[in-house]
Protein chains: 2
Amino acid sequence: MEATTDARVPQKLTGKGQATRARILEHAAELIYTKGVHATNNEQLRRAAGISGSQLNHYFPTKESLVLAVIAWQAERVLTFHRSERFSHFDSLDALREWAGFYIAYEHSYQEGCSLGSLASEIIKTDLDVRTELATAFEQWRDIFRDGLERMQTLGRISAEADPTRLAYLLLSAFQGGMLLAQIARDIAPLKDALRAAIDHVQTFAMLPAADGLEDR
Amino acid sequence: MEATTDARVPQKLTGKGQATRARILEHAAELIYTKGVHATNNEQLRRAAGISGSQLNHYFPTKESLVLAVIAWQAERVLTFHRSERFSHFDSLDALREWAGFYIAYEHSYQEGCSLGSLASEIIKTDLDVRTELATAFEQWRDIFRDGLERMQTLGRISAEADPTRLAYLLLSAFQGGMLLAQIARDIAPLKDALRAAIDHVQTFAMLPAADGLEDR
């Protein structure tokens, strides 16, 4: 694989070069998210980012190099969001409910689906050589949930009988499947029901707080 | 919409015409399932089905008419399979486990994913006018699970407190999301974990059989 197909910012770029590359990437990610990867072409991207064809070719010589960079960009965004303080590393049922509530209220959920999952679905059958990058991103995403569930066990919030890997895949699958069904129905209900049921299931493993740990609410 | 874009077999076709149309459709569905809708072109389809360009154009004048017919074909297959005696209308936990076991053992699950869901994911962002057909198919699929869960309640197998719609969306989302994650990972584990956890959740609503209904096992 050529260095230029690497999703990371090439070291040799100047500050201005890095800014141009970042601008192209941001517009490419937006176009691909709203229109799909197959309907996004060079001309739309050049117009949206305000760059020439030779500039685009300089930073992303092939569609594969561009798609790889967009995967890396979307993966970093989604993983960073999930690791943010807002969800306190998913170490409680409340954090899971906060997360579900965000996506249920997010209007893009049923319009364009998951920024990473919808892209993955569109290209998984093509011959673009991007599967390894997708697999790594989704493993990291699963690990965020699994680590949180393991922490809940350590903290005595859920039973040691729960299987954190199984529950992590339930949460991530309910999210991805619910996003697809919501897009097809143009209605948030399938995502809402799937996420709430998945979290209901985690809750079936909840431990009653010890008597000396009871709080007012 | 022109009559020829209708997924149903046009009434005016002769027996031979219907057979030709069915052969084209079968090959189109197979090509789209394995290669994806964007990578499937007329030439491949003509070669696979052994037909001329004018024949193809006669039965499916546009890509949209072909995709609509493939959606109808795949939807009928998946709905018929789910309605088969094998799953006894999903009126028991064993039926749900039988269903999950089938897809976990099915090698195409992590190779090509769900025949209907993967197609939906590929085209949901395109401007093909097929969303209504997809939405109807997925509603019917959800209803199969929901009806089964309602029957389980009537039969006293699961609690009246269970929400059949919510559980139906959990099962269908876990299936669709698990299929996507399995394809990305090239490993059945995500689907297996997601389906088993979803069914575990339905099981949390299981009722103990009445004393006079106890069986040997």
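Preceding this paragraph is the structure being described.
Residues numbered from 1 in each chain as written. Chains lettered and ligands numbered in written order. Predicted model: local features only at pLDDT ≥ 70, side-chain atom pairs only at ≥ 80, totals over all residues. Heavy atoms only, no water.

> Can you walk me through the interface of chain B and chain A in this structure?
Reports of interface size often rely on the accessible area that becomes lost once the parts have come together. Listed per partner, the contact involves 44 residues of chain B and 44 residues of chain A. Taken over both partners, the interface formed by chain B and chain A buries close to 3800 Å², and the fraction arising from carbon and sulfur atoms is 66%. Among the residues chain B hides against chain A, the three largest losses belong to B:K125, B:R166 and B:I184. Together they make up 21% of the total. Summed over the shared surface of chain B and chain A, the number is 2 salt bridges. A:D200 is the partner of B:R166 in a salt bridge, and the nearest nitrogen-oxygen pair spans 2.9 Å. At the boundary of chain B with chain A, the tally comes to 13 residue pairs in polar contact (both at pLDDT 80 or more). Mapped by element, the contributors of at least two residues to the side of chain B that touches chain A are α1 (15-35), α7 (117-123), α8 (131-154), α9 (164-185) and α10 (189-203) of chain B. Per element, the largest residue contribution to the side of chain B that touches chain A is 15 residues, and it comes from α9(B). Residue composition of the side of chain B that touches chain A, by class: 20 nonpolar, 14 polar and 10 charged. (Contact = heavy atoms within 4.5 Å. Buried area = accessible area lost by both parts, 1.4 Å probe. Salt bridge = Lys/Arg side-chain N within 4 Å of Asp/Glu carboxyl O. Polar contact = N/O pair within 3.5 Å; in protein donor to acceptor, adjacent residues only side chain to side chain. Helix = DSSP H or I, 4+ residues; strand = E, 2+ residues; numbered from the N terminus. Nonpolar A, V, L, I, M, F, W, Y, C, P; charged D, E, K, R; others polar.)

> Explain the side chain of B:T40 here, please?
In this fold, B:T40 is placed in the loop between α1 and α2 (42-49). Excluding its chain neighbours within four sequence positions, the residues that come into contact with B:T40 are B:L31, B:I32, B:K35 and B:K63.

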